[in-house]
There are 2 protein chains.
Amino acid sequence: MHACGAVFDNPDLLACCVVGDGEAETGPLATSWHCNKFLNPTRDGAVLPILHLNGYKIANPTVLGRMNDEELTHLFTGYGWKPYFVEGHEPEAMHQLMAGTLDTIVNEIRSIQDNARNGGDLGLPTWPMVILRSPKGWTGPKTVDGKPVEGTWRAHQVPVADLQSKPEHVKILEDWMRSYRPEELFDENGKVISELAELAPKGDRRMGANPHANGGLLLRDLVMPDFRNYAVSVSKPGTENAEATRVLGKLLRDVMKLNADSKNFRVFGPDETASNRLEALYEVTDKQWMEPTLPVDEHLSHQGRVLEMLSEHMCQGWLEGYLLTGRHGFFSCYEAFIHIIDSMFNQHAKWLKVTRKIEWRRPIASLNYLLTSHVWRQDHNGFTHQDPGFIDHVVNKKADIVRVYLPPDANCLLSVADHCLRSRHYVNVIVAGKQPALQWLNIDSAIKHCTTGIGIWEWASTDNGAEPDAVMICAGDVPTLETLAAVDLLRQHFPDIRIRVVNVVDLMTIQPSTEHPHGLSDLDFDSMFAVRHDGPERS
Amino acid sequence: MHACGAVFDNPDLLACCVVGDGEAETGPLATSWHCNKFLNPTRDGAVLPILHLNGYKIANPTVLGRMNDEELTHLFTGYGWKPYFVEGHEPEAMHQLMAGTLDTIVNEIRSIQDNARNGGDLGLPTWPMVILRSPKGWTGPKTVDGKPVEGTWRAHQVPVADLQSKPEHVKILEDWMRSYRPEELFDENGKVISELAELAPKGDRRMGANPHANGGLLLRDLVMPDFRNYAVSVSKPGTENAEATRVLGKLLRDVMKLNADSKNFRVFGPDETASNRLEALYEVTDKQWMEPTLPVDEHLSHQGRVLEMLSEHMCQGWLEGYLLTGRHGFFSCYEAFIHIIDSMFNQHAKWLKVTRKIEWRRPIASLNYLLTSHVWRQDHNGFTHQDPGFIDHVVNKKADIVRVYLPPDANCLLSVADHCLRSRHYVNVIVAGKQPALQWLNIDSAIKHCTTGIGIWEWASTDNGAEPDAVMICAGDVPTLETLAAVDLLRQHFPDIRIRVVNVVDLMTIQPSTEHPHGLSDLDFDSMFAVRHDGPERS
């Protein structure tokens, strides 16, 4: 799925993707074979999957490795691929077989692309793939301690251990290493001989120097419309209604339109873009879809820039691949179901953390999540669709990588989304509802509020800057509504009470400034929350 | 995968499992078709999957729905199933077609089972399945507001809305409801006519009354060996080494052995049971495996009671199905990768929470996770294999459902595991390392410590019950080792310092007792942690 994300809008790219037979047992990989149904040969590059069946994982044979060629042919033909088998164990013959097969396949891919690009767009092609069967631990020790190693799961980890106590193991290791004939590969100074060194590709054709592998090099800023133009009118707080995500949809529509020529922005969702009320996107683009269409279908085309499949894993993988190759994206998801990709988020966040410190790696666009259809409003779905825990999962990551925003209304959502789409190398999590809701801030106030990330809402407070009797703190649209309703009741029943309302948009502001760059200083925190020093301390 | 978990060791059970074509796009479901490779017709029941292709999800056609019959036949033949198509839109004809197909299929399943059970165990059979193509919103309104509804994604949600303002919609709704001919189904009092009521199956054959759907009814206690018999000798704290999970493996082996006749205990793992050093299990059982085997294979057989597939989703789904039908299980997983099933854990925990309050539902066995190969010891794997965050995810759930244990050594792990295997209706998370590590408590001290869940380790403390200068608190095996090493250094450099060491096994003890039944009272907490009332308060 990552390879597929990488080749979207990259017509010249061929992403060769080697899949082990252990990995191939996982769910996400099992569905990702369907990604061919979303690749357009006229506009996207090609993915060449090599399913490498070496037959074993850590301690077991693999499910796919024990299937026979007939079963595998059925399976992958069914997934829509044309499998080429490369099988054997004699290295020289296998090299030739692989080289010949790759020549055939590359020609086949070119021919699919040429046909499609020369006006012959015929829909979903049958792309070739390789099924490579070779022994596990190939050319390693055949046996150790009388037990077979090459061609078994024993080759998965340390094939020869206990070198200190077992001299016969040292001999096995030496024989194995000598089988590479180092004397023919290196000169007397230990340098690779020039004849071999010259075989390496030059310049950008080296894998590590390919700019697609360091996507920040290719990254161009999005052309952004002025988000103020999408503002909803708020003449007085709490008097007008709007659906925040529907308002955002118009901004996303125009981001899509303004960057259509650059082909560097896509929106991803598990069949929920419309349900999450971002439909305005369909005024300017469609959903990319290569399977047959029927007259009843809407907004499906080979040229669409929205990607929808009912697999959060696939959306996440596509988006990661798209970002890592220097483009921009936006992923909207029901809040409860984003946990499906917790583990993928983990690994992407780790990658962002580590690469931030590698000088030659250029920052990539942030991974932007909009979590909507959130816990508070599951009017007809109920408990199964409720889970606000992704925020907890995210804030476990390092502070220089993650941002969490809880805009209280539509204008704040616009401001936050604009900021996120311009940002780099973060994971931004935005939580915002889609239902009609009261609006609080006009666009100027919203910008000011979101820029600070936290603020006292004076118009809702009654403390007039004096020490309050109560501080009411809220973050998120529904909690803000409920808090303001509570304030309203308090004011009715206790007209003399001094109340301060604090609203948090940027969740990181309430961390100490020593822990997060957005955090308030202790002084500002104490002042905002009216901390008395005879009261409970911050912790 | 849940259906498969339900029929393990239930030879008379046929689990019919209807899969929507939306769900079929998800990763976990895409790999779960391979579960046929783990079902033994001699000992397990059968799963009959009905892939229901109604063609659409919320807002799109489905990937599988738009595949043609030939592609689907390849795909499911490749997965190892024999697909039967039931396709059409005329209800009466479809009912007959479905009934006839089910008759054929049930006979085929019986014949596979009879062959296998009458001494003809021939390995992996080709089980039948149904591919049902019917219109979405079948028999609902054909069109609303001039747009087709039946047979389109529009039927996914509310097909007829705005009844207050659109009288023509009321007419559509009425015609639709009347199409069921209620006057033929109900008597004048609104009761179902007896002729129809009598069609319902009697007694346990009603789906809701089937004890397999209320597994607690079938649940029998495990026969448990005395876990004290597996204790490692600890003559003095910090002098002997043991591998905690290897010790646990011996206990699990004997649980497996003692319950072999009852066939109600299984161990699940994503190819990691041996890596997690629970190999002792293989002295008494194997891994269940129905694909072909080779002479080089070890511990694979049709009769094994350990289930391994490199899919945490599959392990989780199998285990849930097994527990929900009244059996016991144990899932060991690398700590970092358990996040893969965060979302499945969520839904199981919700189910436990809700059913705890439904009187007629009997408690089921707890879902036991052993998280090992943990964050602290990823000596050769590194950052990708590190993530301790599952605990955070788990403690978000209601206190009456989740338990988290961090045993500091092998004897504590034995005590905790014994407790978890006897417990009901919880999710138990045990985090424990597999590497050789110093041992602290003999078995009697371990039992005492784990029963309390938290305690002052007097042998490691120097406060002699007086007010300490420092309280050193640790939870988990490696943090305990590091804490004790720090205490050792402190004692060397500051011989007069009064140190108290507190070790936490049951993480829930440090929640307030008002929030968790295992929580300490404020008084006990203050006393244990030597809280001074001029110092920071608990929060």
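As a reminder, the structure under discussion sits directly above these lines.
These notes cover the structure that comes with them. Numbering of residues starts from 1 in every chain and runs along the sequence as written. Throughout, the order in which chains and ligands are written sets their labels, letters from A for the former and numbers from 1 for the latter. In view of the model being predicted, local features appear only for residues whose pLDDT reaches at least 70, and side-chain atom pairs are presented and counted only at 80 or more, with totals across whole chains, interfaces and linings using the full set of residues. Calculation of side-chain values draws on the structure's entire complement of heavy atoms; hydrogens and water are dropped beforehand.

This brings us to the relation of the copies chain B and chain A. C-alpha atoms of residues with pLDDT of at least 70 in both copies form the basis for the least-squares superposition of the copies. Structural alignment of chain B on chain A gives an RMSD of 0.0 Å, achieved by rotating through 180° and translating 0.0 Å along the axis. The two molecules are tied by a two-fold rotation axis, judged by turn and shift. The contact criterion used is simple: two residues touch if any of their non-hydrogen atoms lie within 4.5 Å. Mapped onto chain A, 100% of the interface residues of chain B again fall at the interface, so both copies present the same surface.

As a further point, take the interface of chain B and chain A. Often, the extent of an interface is quoted as the loss of accessible area on bringing the components together. Between chain B and chain A, the contact holds 72 residues from the first and 73 residues from the second. Summed over both partners, buried area is the accessible surface (1.4 Å probe) that two parts give up on being assembled. Of the roughly 5,900 Å² buried where chain B meets chain A, counting both sides, 56% is carbon and sulfur surface. The largest share of the area that chain B buries against chain A comes from Arg66, Asp271 and Phe383 of chain B, three residues that together contribute 11% of it. By definition, a salt bridge exists where a carboxyl oxygen of Asp or Glu is found within 4 Å of a side-chain nitrogen of Lys or Arg. Among the salt bridges present, the one from Glu298 of chain B reaches Arg154 of chain A, with a minimum N-O distance of 2.8 Å. Counting residues per element, the ones that place at least two in the side of chain B that touches chain A are helix H2 (27-32), helix H3 (69-79), helix H10 (342-356) and helix H11 (390-395) of chain B. Looking at the side of chain B that touches chain A, the element that brings in the most residues is H10 of chain B, giving seven residues. Starting at the N terminus, helices and strands are each numbered in turn, a helix being any DSSP run of H or I of at least four residues and a strand any DSSP run of E of at least two.

Take the buried residues of types Ala, Val, Leu, Ile, Met, Phe, Trp, Tyr and Cys, join any two whose side-chain atoms come within 4.5 Å, and each joined set is a nonpolar core. Only protein chains enter the calculation, and the probe is 1.4 Å; a residue is then buried if its accessible area is under 20% of its type maximum, exposed if over 50%, and partly exposed in between. With 156 residues, the main nonpolar core has Tyr369 of chain A together with Trp318 and Tyr369 of chain B as its most contacted residues. The contact partners of Tyr369 of chain B, leaving out residues within four places of it in the chain, are Gln316, Phe331, Ile338, Ile341, Phe345, Phe390, Val427, Asn428, Val429 and Ile430 of chain B.

All names here are of chain B. A pair of strands counts as paired when DSSP detects no fewer than two bridges linking them. Here we have four strands laid out as an open sheet, ordered E1-E2-E4-E3, and parallel in their pairing. Among the strands making up the open sheet, the edge pair consists of strand E1 (14-20) and strand E3 (81-87). Averaged over all pairs of adjacent strands, the angle between strand axes in this sheet comes to 25°, irrespective of strand direction. As judged from the seven bridges shared by E3 and strand E4 (residues 127-133), these two strands associate in the parallel manner. The partner of Tyr84 across the bridge, within E4, is Val130. Where helices are involved, their axes are fitted lines through C-alpha atoms of the stretch in contact, as for all axes, and angles between N-to-C directions lie from 0 to 180°.

A separate point is the side chain of Thr285 of chain A. All names here are of chain A. Here Thr285 lies in the loop between strand E8 (265-269) and strand E9 (287-288). Within the local environment of Thr285, its side chain forms a polar contact with the backbone nitrogen of Arg305, the two atoms lying 3.0 Å apart. Dropping the residues within four chain positions of it, Thr285 is found in contact with Met256, Gln303, Gly304, Arg305 and Val306. Nitrogen and oxygen atoms within 3.5 Å of one another constitute a polar contact, given that in protein one can donate a hydrogen and the other can accept it, and given that sequence-neighbouring residues count only through two side-chain atoms.

This part takes up helix H14 (residues 477-493) of chain B. All names here are of chain B. Across its 17 residues, H14 extends 25 Å between first and last C-alpha, which sits within 8% of the 24 Å expected from 1.5 Å per residue. Taken together, the buried positions of H14 are Asp477, Val478, Pro479, Thr480, Thr483, Leu484 and Val487. Buried residues along H14 sit in contact with strand E18 (470-475) and strand E19 (499-504). Expected helix span is taken as 1.5 Å per residue step, with the number of steps being one fewer than the number of residues.

Glancing now at the environment of Trp376 of chain B. Residue and element names in this part refer to chain B. As for its placement among the helices and strands, Trp376 is situated in the loop between strand E13 (367-372) and H11. Sequence separation between Trp376 and Gln386 is 10 residues; the distance between their C-alpha atoms is 7.7 Å. Beyond its immediate sequence surroundings of up to four residues, Trp376 is in contact with Val478 and Pro479.

Residue and element names in this part refer to chain B. Strand order in the open sheet made by the three strands is E17-E19-E18, with mixed pairing throughout. Bordering the open sheet on either side are strand E17 (454-456) and E18, each of which pairs with just one other strand. For this sheet, the mean inter-axis angle between neighbouring strands, taken without regard to orientation, is 20°. Contacts between H14 and the sheet are confined to E18 and E19, with E18 contributing the most and set at about 155° to the helix.

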